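Residues per chain are reported as follows:
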Amino acid sequence: MQWIILGGIVFVIVSFLFIYNSLISHRNSADNAFSTIDIMLKKRWDLIPNLVAATKGYMTHEASLLERLTKLRSTAIAAAGFSGERMAAEGEISGCLSQFRAVAESYPNLKANDQFLFLQASLNECEEQLSAARRAFNAAILQYNNSVEMFPHSLVANLFQFRSRAFFEIIESERANPNIKQQLS
């Protein structure tokens, strides 16, 4: 009888350790995925001032768009870590960059500028990598949230205060296609 009780205690301890370690692993995967997004955002932040500088002479009528892009970049840089404010600013930057690319199409001289073409290609590559990083992050968050919320992991998660995390989402207003006619008027 003692062996059965001892075996049951060992089983509970080993299960507890396994669950705790899997929660730590999922949390670290989510943190790693966010770090990848952070790296891509830094790359994008570095490209934005160069892109704005290369287009200022051409896009005089769109000065407000360039100013908004610069302001959003500053807001995103100032927001630390994995915060809702930062995620909202990054979503707005994505939408603003879409508008920027659409408006840039209206300037034939700008489209022929080698520096602009290089910066635009770099930004497009960065955006594609960022999109892939966001998908990986959301997959890691899904796995982490599932482990935090599902039984029996939820018992250990609650004991050690593991909490669900938010997905990286684009804000609703940025999901619409940019209206070029409205931008140019």
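Residues numbered from 1 in each chain as written. Predicted model: local features only at pLDDT ≥ 70, side-chain atom pairs only at ≥ 80, totals over all residues. Heavy atoms only, no water.

(A) Fine view of the pattern of salt bridges. Under the defined criterion, the tally for this structure stands at five salt bridges. We note a salt bridge from Arg-44 to Glu-90, for which the minimum N-O separation is 2.5 Å. Highlighted residues: Arg-44 in helix H1 (residues 2–55) and Glu-90 in helix H3 (residues 84–104), separated in sequence by 46 residues. As far as burial versus exposure is concerned, Arg-44 and Glu-90 are alike and both buried. The partner of Arg-68 in a salt bridge is Glu-92, with the nearest N and O atoms 3.9 Å apart. (Salt bridge = Lys/Arg side-chain N within 4 Å of Asp/Glu carboxyl O. Helix = DSSP H or I, 4+ residues; strand = E, 2+ residues; numbered from the N terminus. Buried < 20%, exposed > 50% of the residue type's maximum accessible area, 1.4 Å probe, protein only.)

(B) Examining a nonpolar patch on the surface more closely. A contiguous nonpolar patch, built from Met-1, Ile-4, Ile-5, Ile-9, Ile-13, Phe-16, Leu-17, Leu-159 and Phe-160 and spanning about 930 Å² of accessible area, is present on the exposed surface. No other element matches H1, which puts six residues into the nonpolar patch. Turning to its location among the elements, Phe-160 is positioned in the loop between helix H6 (153–159) and helix H7 (180–184). Residue Phe-160 is classed as partly exposed on the basis of its relative accessible area of 38%. (Patch = residues over 30% accessible without salt bridge, like charges linked within 9 Å, V, L, I, M, F, W, Y side chains within 5 Å. Areas by Shrake-Rupley, 256 points an atom, 1.4 Å probe, with all protein chains shown as cover.)

(C) Structural detail: the packing of aromatic side chains. Summed over all chains, the structure comprises four aromatic pairs. Relative to Phe-160, the ring of Phe-16 has its centre 5.9 Å away and its plane inclined at 45 degrees; by these criteria the two rings are tilted. Taken as a pair, Phe-16 in helix H1 and Phe-160 in the loop between H6 and H7 lie far apart in primary sequence, 144 residues in all. By relative accessible area, Phe-16 is classed as partly exposed at 31%. A centroid spacing of 6.2 Å and a plane angle of 75 degrees characterise the contact between Tyr-20 and Phe-162, whose relative ring orientation is edge-to-face. Taken together, the positions of Tyr-20 in helix H1 and Phe-162 in the loop between H6 and H7 put the pair 142 residues apart, joining distant regions of the chain. (Phe/Tyr/Trp six-rings, centres within 6.5 Å; stacked < 30°, edge-to-face > 60°.)

(D) Structural view of the packing of H3 against helix H5 (residues 114–149). Their axes nearest at 12 Å, the elements H3 and H5 cross at an angle of 145 degrees. As H3 packs across H5, the resulting crossing turns out to be left-handed. Along the contact surface, H3 presents Glu-90, Ser-94, Leu-97, Phe-100, Arg-101 and Ala-104, while H5 presents Phe-116, Gln-120, Leu-123, Asn-124, Glu-127 and Arg-134. Looking at the contact of H3 with H5 residue by residue, the classes come out as five nonpolar, three polar and four charged. (Axes fitted to C-alpha atoms, helices over the stretch in contact; angles between N-to-C directions. Left-handed = near helix turned anticlockwise from the far one by under 90°. Contact = heavy atoms within 4.5 Å. Nonpolar A, V, L, I, M, F, W, Y, C, P; charged D, E, K, R; others polar.)

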